[in-house]
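Residue strings, one per chain:
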Amino acid sequence: MQKYSGIPEELKDRRIWMLWLNEQGTKIPYRTGGTRGSSTDPTAWTTFDSVCRQEDLYAGIAIAITHPYTGIDLDGCLDAHGLLADWAAAIVEEFRGVAYC
């Protein structure tokens with residue numbers, strides 16, 4: 001899938017994927033098939049291909065941050081035009097070349 005071509009194959013190959021919906025301003029994880037998921041329960045996660053087949057029914061896809069990975073969530077980092085705020089750009093720059101962003 002072209003829009004996800006930047007995601008490393010190492011992540012695509014893992015069973016750590018979920019879908020999500022925005023419910024009252026909160027990203028809620030969902031399993032493929034429509035039931036609520038969990039960011040902490042590995043039995044709720046699935047394959048990259050599975051979430052891509054159902055992504056048009058949800059707000060987006062998500063990844064569970066689990067060993068050996070870590071994550072940084074920069075809420076509110078994009079302006080109305082989708083541009084990265086200066087404060088967030090400085091954080092992203094710190095990880096350039098050593099992390100997937």
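Data block above holds the structure.
Residues numbered from 1 in each chain as written. Predicted model: local features only at pLDDT ≥ 70, side-chain atom pairs only at ≥ 80, totals over all residues. Heavy atoms only, no water.

(A) Region of the structure containing the pairing of strand E2 (residues 26-30). Looking at chain direction, strand E1 (residues 17-23) and E2 are connected through 5 bridges and run antiparallel. Within E2, the residue paired with Glu-23 across the bridge is Thr-26. Hairpin connection from E1 to E2: 2 residues lie between these consecutive antiparallel strands, with Gln-24 at a positive phi of about 55°. (Pairing = 2+ DSSP bridges. Helix = DSSP H or I, 4+ residues; strand = E, 2+ residues; numbered from the N terminus.)

(B) Seen up close, the pattern of salt bridges. Inspection of every chain in the model, using the stated rule, returns 4 salt bridges. Its salt-bridge partner being Glu-93, residue Arg-96 comes within 2.8 Å of it at the nearest N-O pair. For Arg-96, a relative accessible area of 57% corresponds to the exposed category. (Salt bridge = Lys/Arg side-chain N within 4 Å of Asp/Glu carboxyl O. Buried < 20%, exposed > 50% of the residue type's maximum accessible area, 1.4 Å probe, protein only.)

(C) Layout of the nonpolar core. Core analysis: the biggest nonpolar cluster contains 17 residues, and Trp-17, Phe-48 and Ile-61 have the highest contact counts within it. Breaking this core down by element, the ones donating at least two residues are E1, E2 and helix H2 (48-54). (Core = buried A, V, L, I, M, F, W, Y, C linked by side-chain atoms within 4.5 Å.)

(D) Up close: the environment of Gly-37. Mapped onto the fold, Gly-37 is located in the loop between E2 and H2. Ignoring any residue separated from it by four or fewer positions in sequence, one finds Gly-37 in contact with Pro-29, Tyr-30, Arg-31 and Ala-44. (Contact = heavy atoms within 4.5 Å.)

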